[in-house]
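# Architecture and fold: a report
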Amino acid sequence: MLSPDLLHVFVYGTLKPGEYFYPRYCEGKVVACVEAIALGTLYDLPMGYPALTPGEDPVYGYVLSFADFGVLAALDELEGYDPDGSPLLNEYERSLATVYDLNREALGQAWLYWMATKQAEQLGGTRLAHGRWTGRNLPQKVSQ
């Protein structure tokens, strides 16, 4: 189970351990890291990063736990999410979702960044039926 005293974020792309943005945004700040599953549909976007959209398929990633809740503001900026802005202007939306361990047992709630399916498709996203993304195209395409 996830501790209520920590900030939990489900990551499935460039923020995963070993991926492009992990050192910049997470390294030295993560107090726990657990392999996990969220439900949705995963797309590989041509810009070099993925998008999780609503759905029921398993999407594999990690729950990163932070003692500093202020990390969320930096992640919001990276993900193009303004909590006070219009959803029409945000690249991603952020919401709490139930996450599961690899045996599909519920771990609790974690924040995750998701994109509308229509937006992922309009951006030229390719559905990843296996629910796993790797940064094989990085850092060439990522502009942050």
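Residues numbered from 1 in each chain as written. Predicted model: local features only at pLDDT ≥ 70, side-chain atom pairs only at ≥ 80, totals over all residues. Heavy atoms only, no water.

### Some points on the packing of aromatic side chains
As enumerated under the stated definition, the model contains four aromatic pairs in all. Ring geometry for Tyr20 and Phe21: centres 4.9 Å apart, planes at 70°, overall edge-to-face. Summarising the aromatic geometry, the rings of Tyr81 and Tyr113 are spaced 6.4 Å apart at their centres and angled 70° between planes, so their arrangement reads as edge-to-face. In this pair, Tyr81 is assigned in the loop between α2 (71–78) and β4 (93–100) and Tyr113 in strand β5 (residues 106–114), connecting sequence segments 32 residues apart. There is no split in this pair, since Tyr81 and Tyr113 are both buried. In this structure, Arg132 is placed above the aromatic ring of Tyr60, and the distance from its NZ or CZ to the ring centre is 3.8 Å. (Phe/Tyr/Trp six-rings, centres within 6.5 Å; stacked < 30°, edge-to-face > 60°. Helix = DSSP H or I, 4+ residues; strand = E, 2+ residues; numbered from the N terminus. Buried < 20%, exposed > 50% of the residue type's maximum accessible area, 1.4 Å probe, protein only. Lys NZ or Arg CZ within 6 Å of the ring centre and 35° of its normal.)

### A look at the environment of Ala38
For Ala38, the location among the structural elements is in strand β2 (residues 30–44). Among the residues examined, Ala38 registers a relative accessible area of 1% and is labelled buried. Residues Ala38 and Tyr62 lie 24 residues apart in sequence; the distance between their C-alpha atoms is 9.2 Å. With sequence-adjacent residues up to four places away left out, Ala38 is seen in contact with Phe10, Asp57, Pro58, Val59, Val99 and Leu112. (Contact = heavy atoms within 4.5 Å.)

### A short note on α2
Residues of α2 that are buried: Val71, Leu72, Leu75, Asp76 and Leu78. Taken down its axis, α2 places every buried residue within 160° of arc, on the same side. Exposed and oriented more than 90 degrees from the buried face of α2 are Ala73 and Glu77. On its buried side, α2 packs onto β1 (7–11), α1 (22–25), β3 (50–66), β4 and β5. One or two residues past the end of α2 sits Gly80, with phi positive at roughly 70°. (Arc of directions from axis to C-beta.)

### Notes on the side chain of Glu93
Within the secondary structure, Glu93 is located in strand β4. Among buried charged residues, Glu93 stands out as having no salt bridge; its nearest opposite-charge side chain is Arg94, 8.6 Å away. At 3.1 Å, the side chain of Glu93 forms a polar contact with the side chain of Asn90. (Lys, Arg positive; Asp, Glu negative; His and termini not counted. Salt bridge = Lys/Arg side-chain N within 4 Å of Asp/Glu carboxyl O. Polar contact = N/O pair within 3.5 Å; in protein donor to acceptor, adjacent residues only side chain to side chain.)

These results come straight from atomic positions and should not be treated as a statement about function.
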